[in-house]
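# Chains, contacts and geometry: an overview
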Amino acid sequence: MKVNDKKVLGILGYPVGHTLSPLMHKVAAEYHSLDLIYLAFSVKPENLPAALAGIKALGINGVNLTIPHKEAAIPLVDELSEEAQLIGAINTIVLTNAKLIGHNTDGQGFITSLENDAGESPTGKSVLLIGAGGAARAIAIQLAIAGTKKIIIANRNLYRAQNLKSHIEEYFKKTSVYAIPLGRETLIPYIEDTEIIINATPTGMSSDDTLILPGERLNPRQLVCDIVYRPLNTPLLQAAKAQGCKTLDGLGMLIYQGALAFKLWTGLDMPVDLVRKRLLQKLGD
Ligand code: NAP
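In this report, we go over the structure that sits alongside the text. None of these values were measured; they are calculated from a predicted model. (Residues numbered from 1 in each chain as written. Predicted model: local features only at pLDDT ≥ 70, side-chain atom pairs only at ≥ 80, totals over all residues. Heavy atoms only, no water.)

## Some remarks on the packing of aromatic side chains
If you walk through the whole model with that rule in mind, you get 1 aromatic pair. Consider the rings of Tyr 38 and Trp 265, whose centres lie 6.1 Å apart with planes at 55 degrees: the pair is tilted. In this pair, Tyr 38 sits in strand β2 (residues 36–42) while Trp 265 sits in helix α9 (residues 251–266), placing the two residues 227 residues apart along the sequence. (Phe/Tyr/Trp six-rings, centres within 6.5 Å; stacked < 30°, edge-to-face > 60°. Helix = DSSP H or I, 4+ residues; strand = E, 2+ residues; numbered from the N terminus.)

## Looking at the sheet that holds strand β6 (residues 99–103)
The 6 strands are arranged β2-β1-β3-β5-β6-β4 in an open sheet whose pairing can be described as mixed. Every interior strand has two partners, whereas the edge strands, β2 and β4 (79–80), have only one. Of the strand pairs in this sheet, strand β1 (residues 7–13) and strand β3 (residues 62–65) are connected by 4 bridges, and their pairing is parallel. Across the sheet, the residue bridging to Leu 12 is Leu 65, located in β3. Sheet strands touched by α9: β1, β2, β3, β5 (92–96) and β6. Its angle to β5, the strand with the most contacts, is close to 5 degrees. (Pairing = 2+ DSSP bridges. Contact = heavy atoms within 4.5 Å. Axes fitted to C-alpha atoms, helices over the stretch in contact; angles between N-to-C directions.)

## Considering the side chain of Ser 81
As for its placement among the helices and strands, Ser 81 is situated in the loop between β4 and α3 (82–87). For Ser 81, a relative accessible area of 15% corresponds to the buried category. At 3.1 Å, the side chain of Ser 81 forms a polar contact with the backbone nitrogen of Ala 84. Among residues more than four places away in sequence, those in contact with Ser 81 are Gly 102, His 103 and Asn 104. (Buried < 20%, exposed > 50% of the residue type's maximum accessible area, 1.4 Å probe, protein only. Polar contact = N/O pair within 3.5 Å; in protein donor to acceptor, adjacent residues only side chain to side chain.)

## A few points about the nonpolar core
The biggest cluster of nonpolar side chains holds 32 residues, and the ones touching the most others in it are Phe 110, Leu 129, Ile 139, Ile 153, Ile 168, Ile 198 and Cys 225. Counting only elements with at least two residues in this core, the list comes to α3, α4 (106–116), β7 (126–130), α5 (134–145), β8 (150–155), α6 (158–171), β10 (196–199) and β11 (223–226). Considering each element in turn, this core owes the most residues, 7 residues, to α5. If we skip the residues at most four places from it in the chain, Phe 110 touches Ile 139, Ile 198, Cys 225, Ile 227, Leu 248 and Met 253. Counting 24 residues, the second largest nonpolar core, distinct from the first, contains Tyr 38, Ile 255, Ala 261 and Phe 262. (Core = buried A, V, L, I, M, F, W, Y, C linked by side-chain atoms within 4.5 Å.)

## Digging into the state of the cysteines
Inspection of the entire model under this criterion finds 0 disulfides. Unpaired in this structure, Cys 225 has its nearest cysteine sulfur neighbour in Cys 245, at a distance of 10 Å. Among the residues examined, Cys 245 registers a relative accessible area of 8% and is labelled buried. (Disulfide = S-S within 2.5 Å.)

## Structural notes on the site of the ligand
Close contacts around the ligand come from 22 residues, with Ala 135, Asn 155, Asn 157, Arg 160 and Ile 227 the closest. Within the contact set of the ligand, an oxygen atom lies 2.9 Å away from a backbone nitrogen or oxygen of Ala 132. Asn 157 is positioned with one of its backbone polar atoms (N or O) 2.9 Å from an oxygen atom of the ligand. Calculation on the ligand without its partners gives an accessible area of 920 Å², and the protein chains cover 78% of this total. Of all elements in the fold, only α5 and α9 reach the threshold of two or more residues within the shell around the ligand. Looking at the shell around the ligand residue by residue, the class counts come to 11 nonpolar, 8 polar and 3 charged. (Near = heavy atom within 4 Å. Areas by Shrake-Rupley, 256 points an atom, 1.4 Å probe, with all protein chains shown as cover. Nonpolar A, V, L, I, M, F, W, Y, C, P; charged D, E, K, R; others polar.)

Right, here's the structure in full:
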């Protein structure tokens, strides 16, 4: 095989040591017998322009971007997919004809997990979305694209939630959007009528974190999702299970956003069941 038949891919982040993406793409590449290498690069924010120029110069086939590069990369690529443009953030770059094309697969990754893993469609539903950062933004746009009836955005920084609300309202006339401050009391009136609840903040990653919502207000008709995947069974999901709710953890979103990126780079389907098995083994180690 010629050297230039090898696919060279990676992830840029800072810090990036915790990422499961190299394992995920290694498993998929081995399954398809692809000559592919996927590396994690620790790139400081001030070095992102040079890193992206280097990808072009070296002919690296593509990269994922993670915290804190997803928004900063927008002006540094040559073209954006429609979704990345709407979301205002990139998590995947594909080098095509010497151009860097930015995509965002986070939101679609969440929706695919919602449909495939939880068997739920967001169309026509009422959703309480906690968080207004990069991941919440991607999920909110994709929910609106999917025809979600109502999205209530609760965020610690209310201004950020209001900003996201205005952005969705500008492009999606059929979705009603509300922005509220995040707090136990403020959430109470909104929880009962909501069919899907999503935590898109890092709350729950640390054992010191307090529950992000009043757990006793949840009811068995609701689906409660957490995009945190370390730990898989977050305090929010534990509280939801105790109330009889259906739950969805963050591993599916991680796998499906990766599968969409893998497809963009290779044209091939990621073996998602095999990848899930290997990631669960790794998370259990
Ligand atoms: P981000 O852009 O930094 O946004 C963080 C969000 O969380 C903001 O809304 C922030 O609120 C809120 N937040 C942070 N600390 C909080 C706290 N102690 N209490 C309440 N709210 C808090 O980060 P992101 O990229 O959206 O990522 C958020 C989480 O999702 C991370 O844990 C990340 O690992 C996870 N994630 C998972 C996947 C997956 O595939 N499963 C994909 C992407 C991200 P303020 O605006 O008030 O600061």
